[in-house]
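Geometric and topological summary
This is what each chain is made of:
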Amino acid sequence: MNPITALRCDLEYVVGGNSHFLFNIQAARSGDHRILEESLVVTPDIGLRSFEDPGSGNRFFRCDADGGRLNVRYDARIERIREPVDPTLPEAAVSALPHEVLHYLMPSRYCQSDVMSRAAQHLFGQVPQGYQRVQHICEWIRANIAYQLGVSTSTTSAQDVYLQRAGVCRDFAHLAITFCRALNIPARLVVGYVRFADPPQDFHAVFEAFIGNRWVLFDPTDMAQVDRIVRVSSGRDAKDTAFATIFGPVQMTRMIIQVNEDGTPPSENPDPAQATVLLA
């Protein structure tokens, strides 16, 4: 029997005036898991509009709020499905890549693979191609980039991370994606839910490389086992995968994420030390 993850995402905002929200917090329609149950509750009861990206399976909903508090709560039970990964998977020639994969070779807002090409070739150009080269990129990042909160911002790029030698999961993934693309390996960012050994829980960013004619997940932080991740979104970089995009005078006051990989229901009264990020 495949393992079951039970999860909850609870968000609270104070809205200062007419604002528009775009959320991407629901489990994606993805071949690496099956949604058994889910519910979405937005308080107050305002009109929601939802849509799905047919290419990625990313799911979005939108709403408007005029003022006061806005609460969003998403619950789901997910059956995780993973295929074993063959460590001998090869890289593909660019000419053999599927049409829909080609744009994951191109530089993007946070992944300037054109600027980083020389560094990528110097560090990894002589490493045997395929799965082991992507794994070697991850190992280099773990050995040379410090995982450190507070050193990066929403505008930090892969080149910035390479120079400052520190960042968080998003930064690690961006740098790995950049190196892969600079070596002609298609790569994309993946954001999802997973349980960490150390609290608090949060969304986690990893990446996928297209090798062996399939997408394969990697975590350059080594903070989580990739076969446990419940995918929420994938895209070229963080610009495509934000869990919330907000237009208007809004302040987040609470984010609680609970992930139970044994399938037990999340707590109605979670331990703040285990599950909560508070933004004053």
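For the structure given in this document, a descriptive report is provided here.

What counts as what
Once a new chain begins, its residue numbering starts again from 1 and follows that chain's sequence as written. Owing to the predicted nature of the model, reporting of local features is limited to residues with pLDDT of at least 70; listing and counting of side-chain atom pairs is limited to 80 or more, with chain, interface and lining totals taken over all residues. To obtain the side-chain values, all non-hydrogen atoms of the structure were included, while hydrogens and water were left out. For the purposes of this entry, the term helix denotes a DSSP run of H or I that reaches at least four residues, the term strand denotes a run of E that reaches at least two, and both are numbered from the N terminus. Note on exposure labels: buried denotes an accessible area under 20% of the residue type's maximum, exposed denotes more than 50%, and partly exposed covers the range between, all computed with a 1.4 Å probe on protein chains only. We call two residues in contact whenever any of their non-hydrogen atoms come within 4.5 Å of each other. The definitions used throughout rest on a 1 Å grid laid over the protein atoms alone, on which a cavity is an enclosed set of points accommodating a 1.4 Å probe that cannot get out and a pocket is an open set flanked by protein within 12 Å on both sides along at least five of seven lines; lining residues are those having an atom within 4 Å of a point. Grid points are joined across faces, edges and corners, and a volume is the space filled by probe spheres set on the points. Three residue categories are used. Nonpolar comprises Ala, Val, Leu, Ile, Met, Phe, Trp, Tyr, Cys and Pro, charged comprises Asp, Glu, Lys and Arg, and polar comprises the others, including Gly. Here a strand pair is declared whenever DSSP counts at least two bridges between the two strands. In this analysis, axes come from line fits to C-alpha atoms, helices being fitted only over the stretch in contact, and the angle between any two N-to-C directions falls in the range 0 to 180 degrees. Helix span, expected: 1.5 Å multiplied by one less than the number of residues in the helix. Picture the helix axis, draw a direction to every C-beta atom, and the arc is the one those directions span.

Topic: the side chain of R133
Following the sequence through the fold, R133 ends up in helix α2 (residues 131-144). Taking relative accessible area as the criterion, R133 reaches 4% and is therefore assigned buried. Ignoring any residue separated from it by four or fewer positions in sequence, one finds R133 in contact with E91, F124, G125, V127, P128, L183 and I185.

Examining the layout of surface pockets
One water molecule sets the probe size; rolling that probe over the atoms shows where empty space is left. Of the volumes computed, that of the largest pocket is approximately 1,200 Å³. Together, 33 residues line the largest pocket, and V168, C169, D202, F203 and F243 are the ones closest to its centre. Elements represented by at least two residues in the lining of the largest pocket include exactly α4 (169-182), β9 (187-193), β10 (204-211), β13 (244-247) and β14 (250-260). When residues of the lining of the largest pocket are assigned to their parent elements, the largest contribution, 3 residues, is made by α4. Of the residues contributing to the lining of the largest pocket, the split by class is 21 nonpolar, 7 polar and 5 charged. In this structure, the second largest pocket encloses a volume near 840 Å³. Around the second largest pocket, the lining comprises 34 residues; the ones closest to its centre are E208, W215, V216, L217 and R231. Per-element tally for the lining of the second largest pocket: the top contributor is strand β11 (residues 214-218), with 5 residues. For the lining of the second largest pocket, the class distribution of residues is 14 nonpolar, 8 polar and 12 charged.

Points about unusual backbone geometry
Peptide bonds are, in most cases, trans, and in most cases residues other than glycine have a negative phi. Between T43 and P44 the backbone carries a cis peptide bond, its omega angle lying at 5°. By the secondary structure assignment, P44 is in the loop between β3 (33-43) and β4 (49-52). In the Ramachandran plot, N184 falls in the positive-phi region, its phi being about 70° despite a non-glycine side chain. Topologically, N184 is positioned in the loop between α4 and β9.

What to know about the sheet that holds β13
Taken in spatial order, the 4 strands make up an open sheet running β4-β5-β2-β13, and their pairing is antiparallel. Strand pairing shows two members of the sheet lacking a second neighbour, β4 and β13, which therefore form its edges. Pairs of neighbouring strands in the sheet enclose a mean axial angle of 15°, with direction left out of account. One ladder, built from 5 bridges, connects strand β2 (residues 19-23) with strand β5 (residues 59-65); its direction is antiparallel. From the neighbouring strand, H20 faces β5, where its bridge partner is D64.

Some words on α2
Residues lying three or four places apart along an α-helix face the same way, a consequence of the helix completing one turn every 3.6 residues. If you check α2, its first and last C-alpha atoms are 20 Å apart, about what 14 residues at 1.5 Å a residue would give, namely 20 Å. Every buried residue of α2 is accounted for by Y131, R133, V134, Q135, I137, C138, W140 and I141. Those residues of α2 hidden inside the fold are in contact with α1 (117-124), α3 (158-164), α4, β10 and β11.

Re α1
Of all the positions in α1, only A119, A120 and F124 are classed as buried. Taken down its axis, α1 places every buried residue within 100° of arc, on the same side. Facing away from the buried side of α1 by more than 90 degrees, the exposed set consists of R118 and H122. Buried residues belonging to α1 abut α2, α3 and α4.

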